There are 2 protein chains.
Amino acid sequence: MVTISDIAKSLGITPSTVSRALSGSPRVKESTRKAVEKAAERMGYERDEAASSLRRGRAKVVGIIVPRINREFFSNVIGGAESVLDNYGYSAIICQSHENTSDEIKALKTLRSNRVAGVLISHAIESTNGAHILENIDQGTILVQFDRVFSSIPGPKIISDNFRGAYEGTRHLIEQGYKKIGIIAGYMSSEAYAARLAGYKQALSDMGMEIDDEIIFYGSIVQKGGYEAGNIAIDKGCDAIFSTGDYTALGALQAAKERGLRVPEDFGIVGTADERFSALITPSLSSMAQHPYEMGRRAAQAFITSLKPEAKVGEVVVPMDLIARQSSTRTTI
Amino acid sequence: MVTISDIAKSLGITPSTVSRALSGSPRVKESTRKAVEKAAERMGYERDEAASSLRRGRAKVVGIIVPRINREFFSNVIGGAESVLDNYGYSAIICQSHENTSDEIKALKTLRSNRVAGVLISHAIESTNGAHILENIDQGTILVQFDRVFSSIPGPKIISDNFRGAYEGTRHLIEQGYKKIGIIAGYMSSEAYAARLAGYKQALSDMGMEIDDEIIFYGSIVQKGGYEAGNIAIDKGCDAIFSTGDYTALGALQAAKERGLRVPEDFGIVGTADERFSALITPSLSSMAQHPYEMGRRAAQAFITSLKPEAKVGEVVVPMDLIARQSSTRTTI
DNA sequence: GGATATTGTGCAATCGTTTGTATTTTTGCG
DNA sequence: CGCAAAAATACAAACGATTGCACAATATCC
């Protein structure tokens, strides 16, 4: 492995100058910088990140903590984040919380041990507040929250426009003529889900419709939960459902089909997140698209920006767009 | 940040003993080890990975290079690998090649710069041989290949039983009574795809059917390519297609539907990889399931095993299972 | 032209952990 | 009890890059 000392020797200068030249310090002459760069190139020099991290106290690495990596949404966020981090010479260590707080803490400890410069996190659904986050991250580390955030934790937050998204999705159902619209709402400990429920309610009341607590389904955010909620919704006389997730929407769709309801004629469905399968199933599922790749880019960008102590990023809101497909589009009515 | 020196001081011993105690060296007395562990716990010690990496010349990190992280298959491999690495105190740095060689090289350089202990890689489709891999990885780094491997590169390889899988998938179609079965074969520069084509051919010839080069479709492994291949296959009189990927199978399904063919009655389809959407679309898509999570676990396990210089892992073959769904199941014939 | 800025380099310490070798302590045994 | 062997610990030198401070070289000004 070639080191800066090797380069220094070959040029008859000292390691300090080489280091400064390579890191673009204004304290070296243009000509020496060129010479150093050429020598580094020629000799195949690659910075030893471990040594660099040790000396600087920070690694050129950011940790990304997500509930699960194999979720379309999160893997795209990661992809987006990496595309930005790459340009700035940062690597990413990916950690999964598997939706539970203890794994989240474990991940934070690993990252702290690695002296990461920043952490991008979307909270585990089990975490109801951010206390454990603040305890397990040290002062200098930049914390960026995305998607599932706690407003009690300061710092940049990249979120979807959950309120607006749910509002639009619900309004769309109303405009399609559905009369009794339930919602699969998720967990209220999550601000994202709470905002969606609020948007749903606002849409109903703006359009002069009644809000009925009986057809608000809290809890499970997986397909099975959606299936159960869908069945109850149908029992209660709903003719449509807005769901805060596509898996739950899929469950509701399954319930509707089993009960012999035609979708969208008899029963309308709009989900959230625009999972890959949503466009592919029959009937295709309408969904409020988030923009995970873009959110990842924004999160990484927020980290980069925050590296300068003066510049502070606040909340970045990424829009949600209605992708109207078959499950909610009554062509003739 | 508390260091081993702090612990040493508080116990009236030296850092070297603390280091050895914490790393489980047999050279420290049981009682001191206990004392050190307790002090470390009490003082909230966490090893500085950067310092450790620098001194040892190796980081407790493995790099995972995949074409794309947002592919169901790869994100599950990563999940599996992490589940194992975690138990051994290793972290993972994830890199994407975006299917091209230059990004693959870039990733290798980043990883080398980070002195990773190992690299788990599934090659970019653009890479037709492993020369650039060997050039950009240093001697001591353990290289484990999975899924898309080059047999020219020595070391552990975790692969699906591609030959057998394609063989079974094809045989299934034959047994369902399809008479002219095409194949969407992918790129022959990939050994995985080549093996699948071979399995397909073997199945045909074992079952006394003719192999027709006209209905072997090379190239594109995305939906559009499948769509085009599907159309040509139909033109050529095929009544079924075996596809080496689910996205291409989806394209073929789309083509069949557009041409007014009923699936599976008039046209049978079996894909490969069992993507999430495959079970959800209509008709549901039969597919040769790989076991990505398991492959990830095996790859990580191979790395761990290879840490001991004596133990060498060779080739690990993970079976592929036929998931027969609607697209290939003629209930009445 | 000489004193003072300005710019470019060198010196040397440091980050925290690991590990080969030296030294001390303990143990076992005649 | 004394001595050798074994066990436990201490010492000190790395690993490679960074950076505050000192110093040298050059430019600038009156």
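Residues numbered from 1 in each chain as written. Chains lettered and ligands numbered in written order. Predicted model: local features only at pLDDT ≥ 70, side-chain atom pairs only at ≥ 80, totals over all residues. Heavy atoms only, no water.

Moving on to the protein's contact with DNA strand D. Taken together, 25 residues are adjacent to DNA strand D, and Arg-27, Tyr-45 and Arg-55 of chain A together with Arg-20 and Arg-27 of chain B come closest. Protein-proximal atoms of DNA strand D, defined as those within 4 Å of the protein, fall in sugar or phosphate at a share of 57%. A distance of 3.0 Å separates a base nitrogen of DNA strand D from a polar side-chain atom of Ser-16 of chain B. One nitrogen or oxygen atom from the side chain of Arg-55 of chain B is found 3.3 Å from a base nitrogen belonging to DNA strand D. Those elements giving two or more residues to the surface near DNA strand D turn out to be helix H2 (15–22) and helix H4 (49–56) of chain A together with helix H2 (15–22) and helix H4 (49–56) of chain B. (Near = heavy atom within 4 Å. Polar contact = N/O pair within 3.5 Å; in protein donor to acceptor, adjacent residues only side chain to side chain. Helix = DSSP H or I, 4+ residues; strand = E, 2+ residues; numbered from the N terminus.)

Time to look at the domain arrangement of chain A. All names here are of chain A. Looking at chain A, the domain boundaries give domain 1 (4–47), domain 2 (57–158 + 291–317) and domain 3 (162–290). For domain 2 versus domain 3, the distance between C-alpha centres works out to 29 Å. Across the contact, eleven residues belong to domain 2 and twelve residues belong to domain 3. Approximately 1100 Å² of surface area, both sides summed, lies buried where domain 2 meets domain 3, with 50% of it carried by carbon and sulfur atoms. When the buried surface of domain 2 facing domain 3 is broken down by residue, Glu-72, Ile-125 and His-291 rank first, second and third, together holding 41% of it. The tally of links from domain 2 across to domain 3 stands at one salt bridge. The residue Arg-276 makes a salt bridge to Glu-72 at a minimum N-O spacing of 2.9 Å. Along the contact surface separating domain 2 from domain 3 lie three residue pairs in polar contact (both at pLDDT 80 or more). (Domains from an automatic or database assignment. Contact = heavy atoms within 4.5 Å. Buried area = accessible area lost by both parts, 1.4 Å probe. Salt bridge = Lys/Arg side-chain N within 4 Å of Asp/Glu carboxyl O.)

Our focus in this paragraph is the relation of the copies chain B and chain A. Mapping chain B onto chain A calls for a rotation angle of 180 degrees and an axial translation of 0.1 Å; the resulting RMSD is 0.1 Å. The superposition operator between the copies reduces to a two-fold rotation axis. Considering only C-alpha atoms, the residue of chain B closest to the rotation axis is Ile-281 of chain B, which sits at 2.1 Å. Take the interface residues of chain B: 100% of them recur as interface residues in chain A, which is what a same-surface contact looks like. (Least-squares fit on C-alpha atoms with pLDDT ≥ 70 in both.)

Relative to the 18 Å expected for 13 residues at 1.5 Å per residue, helix H6 (residues 101–113) of chain B spans 18 Å between its end C-alpha atoms, a close match to the ideal helical length. Backbone geometry just downstream of H6 of chain B places Arg-115 of chain B in the positive-phi region, at approximately 50 degrees. (Expected span 1.5 Å × (residues − 1).)

Residues and elements named next belong to chain B. Pairing is mixed across the open sheet formed by six strands, whose spatial order is S7-S6-S8-S9-S10-S12. Lying at the two open borders of the sheet, with one neighbouring strand each, are strand S7 (216–218) and strand S12 (321–323). On average, each strand axis in the sheet is inclined to that of its neighbour by 20 degrees, with strand direction left out of account. Of the strand pairs in this sheet, strand S10 (residues 286–289) and S12 are connected by three bridges, and their pairing is antiparallel. Within the sheet, the bridge partner assigned to Ala-289 lies in S12 and is Asp-321. Most of the contacts of helix H8 (residues 162–175) go to strand S8 (residues 240–243), to which it runs at about 165 degrees, and overall it touches strand S6 (181–186), S8, strand S9 (268–272), S10 and S12. (Pairing = 2+ DSSP bridges. Axes fitted to C-alpha atoms, helices over the stretch in contact; angles between N-to-C directions.)

In this section: the state of the cysteines. Under the criterion given, the structure shown has zero disulfides over all chains. Counting only cysteine sulfurs, Cys-95 of chain B is the nearest neighbor of Cys-95 of chain A, a cysteine outside any disulfide, at a range of 14 Å. Classification of Cys-95 of chain A by relative accessible area gives buried; the value is 10%. (Disulfide = S-S within 2.5 Å. Buried < 20%, exposed > 50% of the residue type's maximum accessible area, 1.4 Å probe, protein only.)

The figure often quoted for interface size is the accessible area lost as the parts come together. Facing 39 residues of chain B, the contacting portion of chain A comprises 39 residues. For the pair chain B and chain A, the summed buried surface comes to about 3600 Å²; carbon and sulfur atoms form 50% of the total. Three residues, Glu-46, Arg-115 and Leu-280 of chain B, lead the burial of chain B against chain A; their summed loss comes to 16% of the area buried on that side. For the pair chain B and chain A, the number of links is six salt bridges. Between Glu-46 of chain B and Arg-112 of chain A there is a salt bridge, with its nearest N and O atoms 2.8 Å apart. Counting residues per element, the side of chain B that touches chain A draws most heavily on helix H5 (residues 72–87) of chain B, at seven residues. A class-by-class count of the residues in the side of chain B that touches chain A yields 14 nonpolar, eleven polar and 14 charged. (Nonpolar A, V, L, I, M, F, W, Y, C, P; charged D, E, K, R; others polar.)

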